[in-house]
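Here's the letter readout for the chains.
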Amino acid sequence: MRDAAPRRVRLSLSRVDPWSAMKLSFLLSVALGVMIVVAAAVVWFVLDSMQVFAKVEELLVSIGSENFLQLMEYVQFDRVMSFATIVGVVDVLLLTALGTIGAFLYNIVAALVGGLHVTLTDD
């Protein structure tokens, strides 16, 4: 005996709650900020273990450009991690704000055009 055909339901997403969009975008952006800091640390340790910073410093000394040796101070682990943390915090603030503003904009547009239409089936 054959089962009945799957039931199809057509729904529309007419409103997104800005508060829940803000909470979700905050949590996702925190995860992305942590990934940025961890990735910066991993990249720094890989470059340091490959002696990239030492080779660049040797190159700068050999060509006689002591002015550029000050640039090597900016690739120290402390400064790189500080910069990555600042980027992560700015990421959290901006993505949380953009997610919330996106929810407000979606609600305005959905009020004009009726929202996003989705067809769901029951398998």
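Refer to the structure above for everything that follows.
Residues numbered from 1 in each chain as written. Predicted model: local features only at pLDDT ≥ 70, side-chain atom pairs only at ≥ 80, totals over all residues. Heavy atoms only, no water.

(A) Local environment of the packing of helix α1 (residues 18–49) against helix α3 (residues 77–113). Taken N-terminus to C-terminus, the directions of α1 and α3 make an angle of 155°; their axes are 8 Å apart at the nearest point. Taken together, the axes of α1 and α3 are roughly antiparallel relative to one another. Once α1 is placed against α3, the crossing between them reads as right-handed. Class assignment of the residues belonging to the contact of α1 with α3 gives a composition of 21 nonpolar, nine polar and one charged. (Axes fitted to C-alpha atoms, helices over the stretch in contact; angles between N-to-C directions. Helix = DSSP H or I, 4+ residues; strand = E, 2+ residues; numbered from the N terminus. Parallel < 35°, antiparallel > 145°, perpendicular 65-115°, else oblique. Left-handed = near helix turned anticlockwise from the far one by under 90°. Nonpolar A, V, L, I, M, F, W, Y, C, P; charged D, E, K, R; others polar.)

(B) Spotlight on a nonpolar patch on the surface. Taken together, Phe 26, Leu 27, Val 30, Val 34, Val 38, Val 42, Val 46 and Met 50 make up a surface patch of nonpolar side chains, about 700 Å² in accessible area. As for its position among the elements, Leu 27 is in helix α1. (Patch = residues over 30% accessible without salt bridge, like charges linked within 9 Å, V, L, I, M, F, W, Y side chains within 5 Å. Areas by Shrake-Rupley, 256 points an atom, 1.4 Å probe, with all protein chains shown as cover. Salt bridge = Lys/Arg side-chain N within 4 Å of Asp/Glu carboxyl O.)

(C) Here's a closer look at the side chain of Ser 29. The topology assignment puts Ser 29 in helix α1. Residues within four places of Ser 29 in sequence aside, it is in contact with Asp 91, Val 92, Leu 95 and Thr 96. (Contact = heavy atoms within 4.5 Å.)

(D) The arrangement of unusual backbone geometry in detail. Residues other than glycine seldom take positive phi values, yet Gln 51 does so here, at roughly 60°. Following the sequence through the fold, Gln 51 ends up in the loop between α1 and α2 (52–62). A relative accessible area of 43% places Gln 51 in the partly exposed class. (Buried < 20%, exposed > 50% of the residue type's maximum accessible area, 1.4 Å probe, protein only.)

By themselves these figures say nothing about function.
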